[in-house]
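# Structure assessment
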2 protein chains.
Amino acid sequence: MVMNGKKIPQSTISRLFVYLRELTELDKINIRTISSAELGERTNLSDAQVRKDLGYFGQFGVSGSGYAVGELKNALNNILGKDKIWNVAIVGVGHLGSALLAYSGFDTHGLKIVAAFDADEKKVGKKFLDITIQSIEEIKQTVKKKKVELSILTVPVGKAQEVAEELVNAGVECILNFAPVSLNVPENIKVKDVDLSRELETLSYFLAGKNGNNKK
Amino acid sequence: MVMNGKKIPQSTISRLFVYLRELTELDKINIRTISSAELGERTNLSDAQVRKDLGYFGQFGVSGSGYAVGELKNALNNILGKDKIWNVAIVGVGHLGSALLAYSGFDTHGLKIVAAFDADEKKVGKKFLDITIQSIEEIKQTVKKKKVELSILTVPVGKAQEVAEELVNAGVECILNFAPVSLNVPENIKVKDVDLSRELETLSYFLAGKNGNNKK
DNA sequence: AAAAGATTGTGATTCTTTTCACAAACTCTG
DNA sequence: CAGAGTTTGTGAAAAGAATCACAATCTTTT
Ligand SMILES: NC(=O)c1ccc[n+]([C@@H]2O[C@H](COP(=O)([O-])OP(=O)(O)OC[C@H]3O[C@@H](n4cnc5c(N)ncnc54)[C@H](O)[C@@H]3O)[C@@H](O)[C@H]2O)c1
Ligand SMILES: NC(=O)c1ccc[n+]([C@@H]2O[C@H](COP(=O)([O-])OP(=O)(O)OC[C@H]3O[C@@H](n4cnc5c(N)ncnc54)[C@H](O)[C@@H]3O)[C@@H](O)[C@H]2O)c1
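Since the structure is predicted, the reported quantities are computational estimates derived from the model, not experimental observations. (Residues numbered from 1 in each chain as written. Chains lettered and ligands numbered in written order. Predicted model: local features only at pLDDT ≥ 70, side-chain atom pairs only at ≥ 80, totals over all residues. Heavy atoms only, no water.)

### Topic: the protein's contact with DNA strand C
Note the following rule: When at least one non-hydrogen atom of a residue lies within 4 Å of a molecule or strand, that residue is treated as near it. Any N or O atom pair separated by 3.5 Å or less is treated as a polar contact, with the protein-specific requirement of one donor-capable and one acceptor-capable atom, and with residues adjacent in sequence counted only for side-chain atom pairs. Under the DSSP-based scheme used, a helix requires at least four consecutive residues in state H or I and a strand at least two consecutive residues in state E, with every element numbered from the N terminus.
The local shell around DNA strand C holds 24 residues, among which Ser36(A), Arg51(A), Gly61(A), Tyr67(A) and Arg15(B) are the closest. Among atoms of DNA strand C positioned within 4 Å of the protein, sugar and phosphate together represent 68%. Residue Ser36(A) places a side-chain N or O atom 2.5 Å away from a phosphate oxygen belonging to DNA strand C. Here a phosphate oxygen of DNA strand C and a backbone polar atom of Gly61(A) are 2.8 Å apart. Taken together, the elements giving at least two residues each to the surface near DNA strand C come down to α3 (47-55), β4 (61-62) and β5 (66-68) of chain A together with α1 (10-28) and α3 (47-55) of chain B. Considering every element that reaches the surface near DNA strand C, the biggest residue donor is α3(B), with 4 residues.

Structure below.
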């Protein structure tokens, strides 16, 4: 997380992807130049935040006029490693897993789903577009063969821990986990939780005005 | 966000839900007492973090032995407003929307899906369990009638902004947005983005060793 | 070409969140 | 019940992140 001796916040990285998304849109509609204020406006962030985030990686702007959309887009693509294509596996092809498997939007982000696994014999062998669902037993060899780097875990909550262990055992280092459980994995493994109930509940907590509106 | 004069981090709230989830599991298996260290272990957080988070809301522990699982569970249920049931609407019943609509796990979190909307005439009228998909035109009256408080936005990215505006217009104050776009809404409206491509990409960024491993 | 205007890049400041560290409070053991 | 062992609760310190603020730099205007 260090560059030019400065530490780069995790959240900066996440926002860079947002800037890049916006710049790609701007480029499409032939907008050539944009200020940090405008880019901030469009991404619901402050101008200072935009400039500081970009500042970690270099100087991309021009005083008095702003940033060249095309150039900045290219720079971010480069910084974020969007030149590379990442191989993704989905484990657990149920409601959520099949929605993700059917999603075409990953392509445009350099995310390529190369394999899908399920424990249900009835599902094994079925095809979704060009992906054939494989038995969970084949996970290790397939991860190796297809060079799976990222994994999406969409199995029932009760199976999540054991399947996560199989993933780790198979050599996968990154897991996007949808099961509402805290996975216990070695610390070199990166797990990112997506807990949808929690997101909704957190929203509701603040809606309830528990955040200081009704309590002193 | 103020209690006892102290500011409560947003992230603390989110973690309280994690503690609660864990405590509920512990309760099920008849574990009566747990220390902050153990609870932290199980949730991948530090003991100090656990204690500080709980400390915002009162004193629940017993020196020398830890926290009474049942009591703390009840306290958190209360703090987090889990006594209340929240009414949720899903807008856009495609791949993702229908996965969410079919998900039974929301129930146990006090989240009740009370309505679903889609613009596609072919989908309107279809039933998912006990929810009949309604036309998007009915959104305003239904939100009012069914007291919708939270909404899940799963429409194509190009439609997200306009549908978000319809939601706001219908009186919804919280939106869980799955479309990869920065929504522009009044500031009293709470939007939480779930951008799955971005989550995967952020994982991959760190996998790429761009975080200081290959750069000085 | 000078003056007015716009916008960047970044050190300094402020605000937020996490971690530390330890007295106080409790439990357990023989 | 005394002493050893745990564990909490919480100020204080440290770390992390966002915001401020402004000199420097570029653009536009006249
Ligand atoms: N569907 C949702 O909207 C939703 C929302 C929030 C959270 N989640 C969570 O996401 C996860 C998946 O949810 P879902 O609704 O898709 O569930 P699902 O039951 O529809 O699908 C789970 C799939 O995993 C497969 N599976 C079971 N054990 C397996 C194993 N050992 N190895 C490989 N595959 C296995 C099942 O055969 C099934 O196809 C769950 O943990 C759930 O709690 C889902
Ligand atoms: N499916 C995924 O795995 C996935 C992953 C990441 C992000 N997303 C995002 O989530 C959103 C939904 O994805 P999806 O795969 O479910 O798409 P989808 O095309 O399967 O479903 C979209 C649904 O929205 C409906 N719709 C269109 N316009 C509407 C309107 N004006 N009002 C109401 N409903 C309308 C469509 O009829 C369709 O049923 C998209 O923005 C997508 O980018 C999806």
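### Considering the sheet that holds strand β3 (residues 33-34) of chain A
What links the strands of a sheet is backbone hydrogen bonding, and the strands pair in either a parallel or an antiparallel sense. All names here are of chain A. We apply this condition: Only strands joined by at least two bridges in the DSSP assignment are considered to pair.
Reading across the sheet, the 3 strands line up as β3-β5-β4 and stay open at both edges, with antiparallel pairing between neighbours. In this open sheet, the two edge strands, each paired with only one partner strand, are β3 and β4. Pairing between β3 and β5: 2 bridges, direction antiparallel. Bridge pairing in β5 places Ile34 opposite Tyr67.

### Side note on α3(B)
An α-helix turns once per 3.6 residues; consequently, residues spaced three or four apart project the same way. All names here are of chain B. What counts, and what does not: The cut-offs for exposure are 20% and 50% of the maximum accessible area for each residue type, with area from a 1.4 Å probe on protein chains only; residues under the lower value are buried, those over the upper are exposed, and the others partly exposed. This arc corresponds to the set of directions leading from the helix axis out to the C-beta atoms. Residue contacts are defined here by distance: any two heavy atoms, one from each residue, within 4.5 Å place the two residues in contact.
For α3, the set of buried residues is Val50, Asp53 and Leu54. All buried residues of α3 lie within an arc of 95 degrees about the axis, which places them on one face of the element. Looking at the buried positions of α3, the neighbouring elements they touch are α1, α2 (36-43), β5 (66-68) and α4 (69-79).

### So, the nonpolar core
Quick note on the threshold: Grouping buried Ala, Val, Leu, Ile, Met, Phe, Trp, Tyr and Cys residues that are joined through side-chain atoms within 4.5 Å yields what is termed a nonpolar core.
Judged by nonpolar contacts, the single largest core of 46 residues is most densely connected at Leu150(A), Ile152(A), Phe178(A), Leu150(B), Ile152(B) and Phe178(B). If sequence neighbours within four positions are ignored, Phe178(B) has contacts with Leu196(A), Leu96(B), Leu100(B), Ile152(B), Leu153(B), Thr154(B) and Val194(B).

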